Number of protein chains: 2
Amino acid sequence: MAEEKKTMSRRSFLTNGAVAAGTIAIGGGLLGGFNFNPAKADENANGRVAWPLPFATLDVEKAKVIGYKGYMANQCCYGAFDAVMEQLREKVGYPYTAIPSEIMLWGGTGGAGYATLCGALIGAATAINVVVHPKDQMNKLVEELFNWANTFEFPQYMPPAGQAGKAEGKLPTSVSGSPLCHISVSNWCKASGYRAESKERSERCGRLTADVAGKTAELINAYYSKTFVAAHKPAESVGECMTCHGKGGTLENTRGKMDCIQCHDDVDTNNLLDHIKTVWNL
Amino acid sequence: MAEEKKTMSRRSFLTNGAVAAGTIAIGGGLLGGFNFNPAKADENANGRVAWPLPFATLDVEKAKVIGYKGYMANQCCYGAFDAVMEQLREKVGYPYTAIPSEIMLWGGTGGAGYATLCGALIGAATAINVVVHPKDQMNKLVEELFNWANTFEFPQYMPPAGQAGKAEGKLPTSVSGSPLCHISVSNWCKASGYRAESKERSERCGRLTADVAGKTAELINAYYSKTFVAAHKPAESVGECMTCHGKGGTLENTRGKMDCIQCHDDVDTNNLLDHIKTVWNL
C-alpha cells in the first residue's frame, strides 16, 4: 500500500473544522467511574456471575511484563488479555480463576492468520470489557485505545538486556495509522526494512503487545479513579468522508472509524464534483 | 469502495494453480477431534480452570435463535458469543456460569464503532476458542468460519413472522468478500439500497448474527464428532499476491488473508513489470 502511487496528501476539505468536529465528536470530557465494585463477584439470581467482574487497581509496568511474556508464549491477543487477567487472578481470585486467558488465542496474527484487527487490541479490548461498565463508557475506553494505537510509535517497550524473546536491542519504530494487523505489520516492515516473518518483526509485535497492555492498564485504572479523559481522535478523513457517507449524511452508506484514505483514493476536497464524476463514471 | 472505478476483474496470473495452491494451501483434510472433554472443567494444580472448557453438543437451530435475540439485546458480538455460551451454561453449568457473555460487548459495530473485524465473527471466534483445542486446530476452525463468511449470502435467517426485532419480511442479501464490518455493511447497503443506520440494516446484522451463530455451532459439533472438513479458502488474490509479498516470497513485506484487491489496485498479472514500474514510479 505504502509503496503504491497514491496521493496521500492531507486535504483542506472542511478544515474550518465545524462540520467535521460535529461528525467525529467524541466524549472528551471527564468520564465518571460507575458502579465501582468491591473485590467480590456479583451473582445474578440464578447463580451466574454478573458483569462487570470485580476491579482491582492494576500495575502498569507489570502489565507490560506479562503482556510481553504472554506474547512470547502464546502470541499477541493472549498476551494483552493475560496482562490484565493474570493480575486480577492474583488480586481477586475467583471468578478470574475460572477464565483461562487461552480463550483469546484466536486473535493472534489478527485472527487465525487473517491479519484483521490487531490481536493485541482484540485481547486488550476484551480485558477492558471484562471490568469496565456500563457499555457506553466501556466503548469509550476501547475507542480511545484504538485511536491511541493508530498514532503511537510502536514499539517502545524494551525487555531487560539479555532477556528478549526473539531479538535483542533497539528496534525501528513506526506509526500504523490503523488498528488492522495487516497495515500495522506492512508499515513497520517498510519503515524497518525487516521481513514480515523475521524474528525482529516478531520481537516488535511482542513489544507492541507490552505497550498495548500498559496503556490498557492505564486506561482501566484511570476510569476507576475517575481521571479518564479521551485524548485521541480517529483520523481526519473519517470526519470528512463521513459527513456525506456516515450517519445522517446524504449517502449514509457505510460506517466505521478507520482512516478512509488508507484504502480509498484520496479526494480533492476542493473539487467534490470531480469525486462524484469519477465515482459515477460521468 | 464498490462505487469506485476500480478494475475488479479476475486475473489469469498463476491460474495454473500450482504456486497459488502451494501458497494458500489450507488443511482440507479431515481433522480429528482431540482431547474430548467430559462435561466437567479441568483444573490446573493451582485451582484454576484449564483450557479448553468442557464441550457439550450444541443445538444449531437454538444457536441461531439465541444469536438473533442476543443481537437485538446487545449487538452482534454478544449475540454470536452467547449463542454458544448460553447453551453450555445450561448443559454444563460451571465454569460457563462464571463467564458473562457481556464481556464481548465491545465487538459490536466491529469494535467500539470502528467497523474493523465483524463483531459476529469476533464473538463466534471467541466461542470456538473457548471449547476447541489444540490451538492449531482451533485456528483452522476460525479460519474456516472467516472463509465461509466471505462467500456467504447474508442474511438467510428468518425470525418467525411478527417477531422480527427491527424489520419484518424478507431482506436483500449480499456477499461481503471480507471479514471486515466496514466492507460487509457497505456492500449490503449498495446491494439493498438501504441506509447504513436504517432499521433494515440493523435487522440484516441481527439475522447475520444468527447465520454466523448457526455456522459456529455446526463447526464446533463437527470438530468434536471428527467430521470437520475445511471447505472454504481465502480469496484468489491472497495466494497470488502473497507469492511475492507473503511468507517466503521475494518481498515478504506483509501478512494476512483478506482479499487484496478490495483495497489495493488490481494488478495486470500478465504484465508484472508494469506493476513493478508503477509501484516504484519508474
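For clarity, every value in this text was computed on a predicted model and none was experimentally measured.

Draft legend 1. Molecular detail of the packing of helix α2 (residues 60–91) of chain B against helix α6 (residues 199–224) of chain B. Residue and element names in this part refer to chain B. Where α2 contacts α6, the axes come no closer than 7 Å and their chain directions differ by 135°. Relative to α6, the element α2 is oriented oblique. Remark: the crossing between α2 and α6 carries right-handed chirality. Considering only residue class, the contact of α2 with α6 consists of 14 nonpolar, eight polar and five charged.

Draft legend 2. Representation of the nonpolar core within the structure. Judged by nonpolar contacts, the single largest core of 139 residues is most densely connected at W106(A) and W106(B). No other element matches the 13 residues that α2(B) contributes to this core. Aside from chain neighbours lying at most four places away, what touches W106(B) is L117(A), I122(A), A125(A), T126(A), N129(A), M138(A), N139(A), V142(A), F146(A), G111(B), A112(B) and I122(B).

Draft legend 3. A look at the relation of the copies chain B and chain A. Once turned by 180° and shifted 0.0 Å along the axis, chain B lies on chain A with an RMSD of 0.0 Å. The transformation just described matches what one would write down for a two-fold rotation axis. The rotation axis passes nearest to the C-alpha of C263(B) in chain B, at a distance of 2.5 Å. Comparing contact sets, 99% of the residues at the interface of chain B also lie at the interface in chain A, consistent with an isologous, same-surface contact.

Draft legend 4. Representation of unusual backbone geometry in the model. Geometrically, the link from W51(A) to P52(A) is a cis peptide bond, its omega value of 0° lying close to zero. The peptide bond linking F154(B) to P155(B) adopts the cis configuration, its omega dihedral lying at -10°. Mapped onto the fold, P155(B) is located in the loop between α4 (135–151) and α5 (181–192). Phi is positive for T109(B), which is not a glycine, with a value near 55°. By secondary structure assignment, the location of T109(B) is in the loop between α2 and α3 (119–131). Using a relative accessible area of 17% as the deciding quantity, one classes T109(B) as buried. Despite not being glycine, N281(B) has its phi angle at roughly 60°, a positive value. The exposed category is assigned to N281(B), whose relative accessible area is 55%.

Draft legend 5. Up close: the interface of chain B and chain A. Across the boundary between the two partners, chain B contributes 79 residues, which contact 78 residues of chain A. Approximately 7,100 Å² of surface area, both sides summed, lies buried where chain B meets chain A, with 59% of it carried by carbon and sulfur atoms. Per-residue buried area on chain B facing chain A is highest for W106(B), Y114(B) and R255(B); these three make up 14% of the total on that side. At the boundary of chain B and chain A, one finds six salt bridges. Residue E86(A) pairs with R48(B) through a salt bridge whose shortest N-O separation is 2.9 Å. Run the count over chain B and chain A and you get 38 residue pairs in polar contact (both at pLDDT 80 or more). Among the secondary structure elements, those contributing two or more residues to the side of chain B that touches chain A are α2, α3, α4, α5 and α8 (272–280) of chain B. Broken down by element, the side of chain B that touches chain A gets its largest block of residues, eight residues, from α4(B). Classifying every residue of the side of chain B that touches chain A gives 36 nonpolar, 25 polar and 18 charged.

Draft legend 6. Spotlight on the pattern of salt bridges. In the structure shown here, the tally under the stated rule is 24 salt bridges over all chains. Residues R195(B) and E252(A) are paired through a salt bridge, measuring 3.3 Å at the closest nitrogen-oxygen approach. With R195(B) in the loop between α5 and α6 and E252(A) in the loop between α7 (236–245) and α8 (272–279), this pair bridges two chains. Note that D82(B) and R89(B) form a salt bridge whose closest N and O atoms lie 3.1 Å from each other. Neither D82(B) nor R89(B) differs from the other in exposure class; each is buried. Among the charged side chains, a network of salt bridges with common partners joins R48(A), D82(B), E86(B) and R89(B).

Draft legend 7. Representation of a nonpolar patch on the surface within the structure. All names here are of chain A. Where nonpolar side chains cluster on the molecular surface, the patch consists of L272, L273, I276, W280 and L282 and spans about 550 Å² of accessible area. Relative to the elements of secondary structure, W280 occurs in the segment after α8. Using a relative accessible area of 53% as the deciding quantity, one classes W280 as exposed.

Draft legend 8. Just the packing of aromatic side chains, in detail. As enumerated under the stated definition, the model contains 16 aromatic pairs over all chains in all. Seen in terms of ring centroids, F146(A) and Y114(B) are 5.4 Å apart; in terms of plane orientation they differ by 70°. Their pairing is edge-to-face. On the criterion of chain membership, the pair formed by F146(A) in helix α4 (residues 135–151) and Y114(B) in the loop between α2 and α3 is interchain, its members lying in two chains. Here F146(A) matches Y114(B) in class, with each residue buried. Ring centres of W148(A) and F152(A) lie 4.6 Å apart, and the angle between their planes is 35°; on these two criteria the pair is classed as tilted. Owing to a relative accessible area of 23%, F152(A) belongs among the partly exposed residues under this scheme. Connected via pairs of aromatic rings, a cluster forms that spans F55(A), Y223(A) and Y224(A).

Parameters and conventions
Residues numbered from 1 in each chain as written. Chains lettered and ligands numbered in written order. Predicted model: local features only at pLDDT ≥ 70, side-chain atom pairs only at ≥ 80, totals over all residues. Heavy atoms only, no water. Axes fitted to C-alpha atoms, helices over the stretch in contact; angles between N-to-C directions. Helix = DSSP H or I, 4+ residues; strand = E, 2+ residues; numbered from the N terminus. Parallel < 35°, antiparallel > 145°, perpendicular 65-115°, else oblique. Left-handed = near helix turned anticlockwise from the far one by under 90°. Nonpolar A, V, L, I, M, F, W, Y, C, P; charged D, E, K, R; others polar. Core = buried A, V, L, I, M, F, W, Y, C linked by side-chain atoms within 4.5 Å. Buried < 20%, exposed > 50% of the residue type's maximum accessible area, 1.4 Å probe, protein only. Contact = heavy atoms within 4.5 Å. Least-squares fit on C-alpha atoms with pLDDT ≥ 70 in both. Buried area = accessible area lost by both parts, 1.4 Å probe. Salt bridge = Lys/Arg side-chain N within 4 Å of Asp/Glu carboxyl O. Polar contact = N/O pair within 3.5 Å; in protein donor to acceptor, adjacent residues only side chain to side chain. Patch = residues over 30% accessible without salt bridge, like charges linked within 9 Å, V, L, I, M, F, W, Y side chains within 5 Å. Areas by Shrake-Rupley, 256 points an atom, 1.4 Å probe, with all protein chains shown as cover. Phe/Tyr/Trp six-rings, centres within 6.5 Å; stacked < 30°, edge-to-face > 60°.

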